Amino acid sequence: MKFRGRWVSHLESAIDGTTFEADSIQTIHNGRPILVRYRLDEIASRVDRDIFTSRAPDMYRFRELLPVGVEIPPVTLGEHETPVLRCSRLGDQLGLNHLLIKDESHLPTGSFKSRGLSMAITMARHFGVSRVAIPTAGNAGGAMAAYAARCGMQAWVFMPSDTPLVNQAECVMFGARVVLVDGLINDCGKLVREGTPRAGWFDMSTLREPYRIEGKKTMGLELAMQGEWRLPDVIVYPAGGGTGLIGMWKAFLELRQLGWLEDATMPRMVAVQSEGCCPIAKAFEAGARFAEPFANAHTIASGLRVPVALGDFLILDAVRESEGCAVAIPEIEIGKFQQMAAGLEGISICPETGACIGALARLLDSGWIKRDEKVMVFNTGAAQKYIERAPEGLVRLTPGGEIPWDEILKD
Ligand SMILES: *Cc1c(COP(=O)(O)O)cnc(C)c1O
């Protein structure tokens, strides 16, 4: 069947359900995020899920379930379907029979952030925005700068002064104005808000506009389709601002409501953080609905360095509704697990995912995850974006010196 138009019914406050018109540019309501809602009954009766399989394998194949519908042309760099890789070597090491990694490092600008920012910039352009600004822990800034360049928008990126160098460089390369701030992402956010009246830019902060999470939602839609509409038992995901986890959970709920899942049992969602910055894990432990700001946040997993998240309650709700959990792993273990996973599988594992592998090891130890369960870990970005630490275990040759074959050939 042919469709026209779009399937968004309205926008809705995530905290109190207040509704807003579908075709308006929105930021937040009562200081909390706004979500996009769809006419799911109509989609269910008029769309066949098999249509997605027949289309070009990129995130816009799901357009009936996205704010663009069939009408709004996307700002795209080719957000290709990412592979789901079976990892039996790493699984054996951890004591898990069915380990999968969905490798998002293949996406434009090397992280899953491209899904969200392709969508957010697409919608901003649709609403006539020509200048955008973002506070970022790293990868979101790079992605926004790229999509802004792609459609000729002016972009400003505010990032902590110790953000990974590659993130700083990519933003400059994509023509954004970069401001380095001696502080954290929330300090950067304050600057963006302060500058808004003067600069007239649109504030692209995490969850301050409703469309970025719709882009992230495509991770969930894609993994469902790749698994022939069956979901894994457990999903392990690194949580910073939370858009990835919230978006994926939203995708699963919509798919279930559409009746498109073969089995309505939902995966248990595991939100992973570093002990160096774990407001969500602390709130989960405490049984709280909202997280407290985390003091002295520090972690090499820069995507997790988010001391305050606007969508904290949405992350926690998803974790609890799914009977999942939120865990923090020691900062010093992140590099070890990152190296272990990359070395066993050849996948370019980012530190955020290193933390996830550490969490997986713990949850297997404690019996929370069973050996036979099907577990999907997300590799959210490429290791190449983090070049601050010199690699260990290099052999150096000095000209004229003896060649240290024993050292070279050591296991
Ligand atoms: C941003 C980021 C995260 C955290 O994602 P959220 O959606 O902010 O929770 C994890 N990993 C990488 C590589 C990131 O860039």
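For the structure, see preceding data.
Please read all numbers here as calculations on a predicted model, not as lab measurements. (Residues numbered from 1 in each chain as written. Predicted model: local features only at pLDDT ≥ 70, side-chain atom pairs only at ≥ 80, totals over all residues. Heavy atoms only, no water.)

A. Layout of the site of the ligand. Neighbouring residues of the ligand: 15 residues in total, closest Lys-113, Gly-240, Gly-242, Thr-243 and Thr-380. Within the side chain of Asn-139, a nitrogen or oxygen atom sits 2.8 Å from an oxygen atom of the ligand. Within the side chain of Thr-243, a nitrogen or oxygen atom sits 2.7 Å from an oxygen atom of the ligand. Here the ligand loses 96% of its free accessible area of 380 Å² to cover by the protein chains. Each residue belonging to the shell around the ligand can be placed in one class, and the counts come to four nonpolar, nine polar and two charged. (Near = heavy atom within 4 Å. Polar contact = N/O pair within 3.5 Å; in protein donor to acceptor, adjacent residues only side chain to side chain. Areas by Shrake-Rupley, 256 points an atom, 1.4 Å probe, with all protein chains shown as cover. Nonpolar A, V, L, I, M, F, W, Y, C, P; charged D, E, K, R; others polar.)

B. How the structure looks around the sheet that holds strand E10 (residues 234–238). The strand order E4-E5-E13-E10-E11-E12 describes an open sheet built from six strands, whose pairing is mixed. The sheet is open, and its two borders are formed by strand E4 (84–86) and strand E12 (325–329), each paired with just one other strand. Between one strand axis and the next, the sheet turns through 25 degrees on average, direction left out of account. Note that E10 and strand E13 (residues 374–379) share three bridges and pair parallel. Residue pairing for E13: Val-236 is matched across the bridge by Val-377. (Pairing = 2+ DSSP bridges. Helix = DSSP H or I, 4+ residues; strand = E, 2+ residues; numbered from the N terminus. Axes fitted to C-alpha atoms, helices over the stretch in contact; angles between N-to-C directions.)

C. Region of interest: helix H4 (residues 113–126). For H4, with 14 residues, the first-to-last C-alpha span of 20 Å sits near the 20 Å given by 1.5 Å per residue. Summarising burial for H4: 12 of the 14 residues are buried, a large majority. Those residues of H4 lying buried are Lys-113, Ser-114, Arg-115, Gly-116, Leu-117, Ser-118, Met-119, Ala-120, Ile-121, Thr-122, Met-123 and Ala-124. Lining the buried residues of H4 we find strand E5 (98–103), strand E6 (131–135), helix H5 (139–150) and helix H8 (212–226). Positive phi appears at Gly-128, one or two residues downstream of H4, with a value of about 85 degrees. (Expected span 1.5 Å × (residues − 1). Buried < 20%, exposed > 50% of the residue type's maximum accessible area, 1.4 Å probe, protein only. Contact = heavy atoms within 4.5 Å.)

D. Region of the structure containing the side chain of Glu-222. Tracing the backbone through its elements, the reader meets Glu-222 in helix H8. Reaching out from Glu-222, the side chain makes a polar contact with the backbone nitrogen of Thr-82 at a distance of 2.8 Å. Those residues within four positions of Glu-222 in sequence are excluded, and the remaining contacts are Phe-62, Glu-81, Thr-82, Lys-102 and Arg-115.

E. Summary view of a nonpolar patch on the surface. On the surface, a nonpolar cluster with roughly 590 Å² of combined accessible area is contributed by Val-395, Leu-397, Ile-403, Trp-405, Ile-408 and Leu-409. Tracing the backbone through its elements, the reader meets Ile-408 in helix H14 (residues 405–409). Relative accessible area serves as the criterion here: at 35%, Ile-408 is assigned to the partly exposed category. (Patch = residues over 30% accessible without salt bridge, like charges linked within 9 Å, V, L, I, M, F, W, Y side chains within 5 Å. Salt bridge = Lys/Arg side-chain N within 4 Å of Asp/Glu carboxyl O.)

F. Expanded view of the packing of H4 against H8. Axis separation between H4 and H8 bottoms out at 6 Å; the angle between their running directions is 135 degrees. Considering their axes alone, H4 and H8 lie oblique with respect to each other. In this structure, H4 crosses over H8, and the sense of that crossing is right-handed. In contact with Lys-113, Arg-115, Gly-116, Leu-117, Met-119 and Ala-120 of H4, H8 contributes Arg-212, Glu-214, Gly-215, Lys-216, Thr-218, Met-219 and Glu-222. In terms of residue class, the contact of H4 with H8 is made up of four nonpolar, three polar and six charged. (Parallel < 35°, antiparallel > 145°, perpendicular 65-115°, else oblique. Left-handed = near helix turned anticlockwise from the far one by under 90°.)

G. Expanded view of the pairing of strand E11 (residues 268–274). Counting buried residues in E11 gives seven out of seven residues, a clear majority hidden from the surface. Judged by which residues are buried, E11 turns out to be covered on both faces: Arg-268, Val-270, Val-272 and Ser-274 on one side and Met-269, Ala-271 and Gln-273 on the other are all buried. Crossover handedness for the path E10 to helix H9 (residues 243–258) to E11: right-handed. Where E11 and E12 come together, five bridges link them in parallel fashion. Counted as the bridge partner of Ser-274 is Ile-329 from E12. (Right-handed = clockwise from strand over helix to strand, strands pointing away.)

H. Expanded view of the pattern of salt bridges. With the rule as written, the count across this model stands at 20 salt bridges. One salt bridge in this structure joins Arg-115 and Glu-222, with 3.1 Å as the shortest N-O distance. With Arg-115 in helix H4 and Glu-222 in helix H8, the pair connects residues that are 107 residues apart, well separated along the chain. With respect to burial, Arg-115 and Glu-222 carry one shared label: buried. Of the charged contacts in the structure, one is a salt bridge between Asp-317 and Arg-289, with a shortest N-O distance of 2.9 Å. With Asp-317 in helix H11 (residues 312–321) and Arg-289 in the loop between helix H10 (279–286) and H11, this pair connects stretches of sequence that are 28 residues apart.

I. Representation of the environment of Gln-26. With respect to the secondary-structure elements, Gln-26 resides in the loop between strand E2 (19–20) and strand E3 (34–38). Spatially, the C-alpha atom of Gln-26 lies 5.9 Å from that of Glu-209, the residues being 183 residues apart in sequence. Those residues in contact with Gln-26 that sit more than four places away from it in its chain are Leu-11, Phe-20, Ile-34, Phe-202, Arg-208, Glu-209 and Pro-210. There is a polar contact of 3.3 Å between the side chain of Gln-26 and the side chain of Ser-24.

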